[in-house]
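# A look at the structure
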Amino acid sequence: MSDATPSAPASAAAAVPSAVPDHPKLSRLFRLQYETAQEAWVLLYPEGMVQLNASAAEILRRCDGQRHFDDIVAELQALFNVQGIREQVAALVQEGQRRGWID
């Protein structure tokens, strides 16, 4: 199991949003669900499971193909009462694309 996090090193954060999809969507090969036994959100797939931290779960829960990336960022900024998290959200979405979690 791995712990996913939306933060990225400062050097990676500078080179972000170019490949972020307008309407990120969780791949149909993965299922996001809350696991009571783990007390955490997880991504389930045929070969296993990825346990997510709270912020990664909140990001991926919004990757439904309906929300625009900018709306996801705005929702998260309101939820966590923070500003300036676009690069961190983009970094997680890009990592999700790299790992095949996000189409």
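A brief report on the enclosed structure follows. Throughout, a residue's number is its position along its own chain's written sequence, starting from 1. Two thresholds apply to this predicted model, a pLDDT of at least 70 for residue-level local features and 80 or more for giving and counting side-chain atom pairs, whereas whole-chain, interface and lining totals are computed over all residues. Note: side-chain values were computed over all heavy atoms of the structure, leaving out hydrogens and water.

### Notes on the overall build of the protein chain
Stated formally: For helices the rule is a DSSP run of H or I covering at least 4 residues; for strands it is a run of E covering at least 2, with both sets numbered from the N terminus onward. Exposure is judged per residue with a 1.4 Å probe applied to protein chains only, and the accessible area is read against the type maximum: over 50% gives exposed, under 20% gives buried, and values in between give partly exposed. Residue contacts follow a heavy-atom distance rule, with two residues in contact if any of their heavy atoms lie within 4.5 Å. Areas reported here follow the Shrake-Rupley algorithm with a probe of radius 1.4 Å; residue values treat only the protein chains shown as occluding.
Helix and strand counts for the protein chain come out as 4 helices and 4 strands. Listing every helix and strand of the protein chain by position from the N terminus yields β-α-β-β-β-α-α-α. Relative to its full complement of 103 residues, the protein chain shows a buried share of 38%. Partitioning the intrachain contacts of the protein chain with sequence separation of at least 6 by distance along the chain shows that 59% fall at a separation of at least 24. Split by element, the accessible area of the protein chain, about 5900 Å² in all, is 48% carbon and sulfur.

### A few points about the packing of aromatic side chains
Note the following rule: Only Phe, Tyr and Trp rings are paired, with Trp represented by its six-membered ring, and only when their centres lie within 6.5 Å; those with planes under 30 degrees apart are stacked, over 60 edge-to-face, the remainder tilted.
The tally for this structure, following the rule as stated, stands at 2 aromatic pairs. Summarising the aromatic geometry, the rings of F30 and Y45 are spaced 5.3 Å apart at their centres and angled 45 degrees between planes, so their arrangement reads as tilted. Linking F30 in the loop between α1 (10-14) and β2 (31-35) with Y45 in strand β3 (residues 40-45), this pair joins segments that are 15 residues apart in sequence. Between Y34 and W41 the ring centres are 5.8 Å apart and the planes differ by 75 degrees, which places this aromatic pair in the edge-to-face class. The class of W41 is partly exposed, set by a relative accessible area of 24%.

### Examining the side chain of N53
As a reminder of what qualifies: Two N or O atoms form a polar contact when they lie within 3.5 Å of each other; inside protein one atom must be a possible hydrogen donor and the other a possible acceptor, and for residues adjacent in sequence the pair counts only when both atoms belong to side chains.
Within the secondary structure layout, N53 lies in the loop between β4 (48-52) and α2 (54-61). Reaching out from N53, the side chain makes a polar contact with the backbone nitrogen of A56 at a distance of 2.8 Å.

### With respect to the side chain of E58
Note on placement: E58 falls in helix α2. By relative accessible area, E58 is classed as buried at 16%. Those residues in contact with E58 that lie beyond four places of it in its chain are L76, L79 and F80.

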